[in-house]
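Structure assessment
Take a look at the letters that make up each chain.
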Amino acid sequence: MIGIVGIVVIFVMVFGGYLASGGTMGLILKSLPFEFAMIGGAAAGAFLISNDMPSVKHTIKDVGKVFKGPSWHHDDYRDLLCLMFELIQLARQNPVGLEEHIENPADSSIFGRYAKIAGDSEAVELICDTLRSATMNYDDPHQVEEVLEKRLDANVHHSLHSSHALQAMADGLPALGIVAAVLGVIKTMGSIDQPPEILGKMIGGALVGTFLGVFLAYGLVGPFATKVKTVVEEDAQFYHLIREVMVANLHNHATNICIEVGRQNTPGHCRPSFVDLEAALKEAKNFAA
């Protein structure tokens, strides 16, 4: 919602200010389709050249994050802590019983109680792989921590590709606007024998290209790239929380301490209160019983 509000504010302030100063939209609207075809088409072509098809699809999909925001919210972090509490508790009380849950999480009664998390393959694999590692008698938990850190860094690097692709497009749009403007000037020079009022309109139309390139770059595509990066980095905190709790478990801390480590590492605006989490953990215990 905030993304839509931002776009509306941009258009209202830019074009509203232009109209309030005495400008007219006629010349802009007349030139806009042609300038947009040149600038937008060239930007789209450059985007296709610099990315493979999976990256193109990934970027188009990630544009939705500008309007949807992060995937994980307050309740999801609380549910994640409850899920890991149940799994860690079971791992310590009945290691054999844990196997059915981490080897086949799709049919797990524990994962089944947290449908949104169970539907995220990366979260499920991260939890199951780490719990499986704990049964392999690692001498040094720091080994697992290092592996998890590299895995999470690789995931974030891949997820940020959309942001980088959009930012590259934003960086190129002003130059493409100049290209469109230069073509407009070339067209104008070919009609140099026309009266000044006609030449003025032709030059004004050419300058629409410069305006459009800069406007798209700094008013839309650049902010889109920044928002996608912000959302990706915030969603990454969800998986970092899994790492913190799992590593605390490998250090053989008490289960409640492992969960508290996770709670303290939850982003502030999504962090459940101690009382709220305690109530959720009691409910999880009742289900387990």
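Here, the structure is the one placed above.
Residues numbered from 1 in each chain as written. Predicted model: local features only at pLDDT ≥ 70, side-chain atom pairs only at ≥ 80, totals over all residues. Heavy atoms only, no water.

**Some words on the packing of aromatic side chains**
Quick note on the threshold: Centre distance within 6.5 Å is the pairing criterion for rings of Phe, Tyr and Trp, where only the six-membered ring of Trp is used; planes under 30 degrees apart are then read as stacked, over 60 as edge-to-face, and the remainder as tilted. Numbered from the N terminus, helices here are DSSP runs of H or I no shorter than four residues, and strands are runs of E no shorter than two. Burial status follows relative accessibility: with a 1.4 Å probe on protein chains alone, a residue under 20% of its type maximum counts as buried, one over 50% as exposed, and anything between as partly exposed.
Overall, the coordinates contain 10 aromatic pairs when judged by the stated rule. Their ring planes at 70° and their centres at 5.8 Å tell us that Phe15 and Phe215 sit as a pair that is edge-to-face. Remark: Phe215 occurs in helix α12 (residues 196–250) and Phe15 occurs in helix α1 (residues 2–20); sequence separation between them is 200 residues. Each ring, one from Phe238 and one from Tyr239, has its centre 5.8 Å from the other, and the planes form 85°; the classification is edge-to-face. With relative accessibility at 0%, the residue Phe238 sits in the buried group. Aromatic ring contacts, followed pair by pair, group Phe11, Phe15, Phe211 and Phe215 into a single cluster.

**A few points about the nonpolar core**
The test is simple: As used here, the term nonpolar core means buried Ala, Val, Leu, Ile, Met, Phe, Trp, Tyr and Cys residues forming a set that is joined through side-chain atoms within 4.5 Å.
Counting residues in hydrophobic clusters, the biggest one holds 43 residues, and the most contacted among them are Met84, Ile127, Ile242 and Val245. For this core, the secondary-structure elements that each account for two or more residues are α5 (74–93), α6 (95–103), α7 (109–112), α9 (121–134), α10 (141–159), α12, α13 (255–264) and α14 (274–288). Ranked by the residues each element gives to this core, the list is headed by α5, at 11 residues. In terms of nonpolar packing, the next biggest core, distinct from the first, is built from 19 residues, Phe15, Ile39, Leu173 and Val221 among them.

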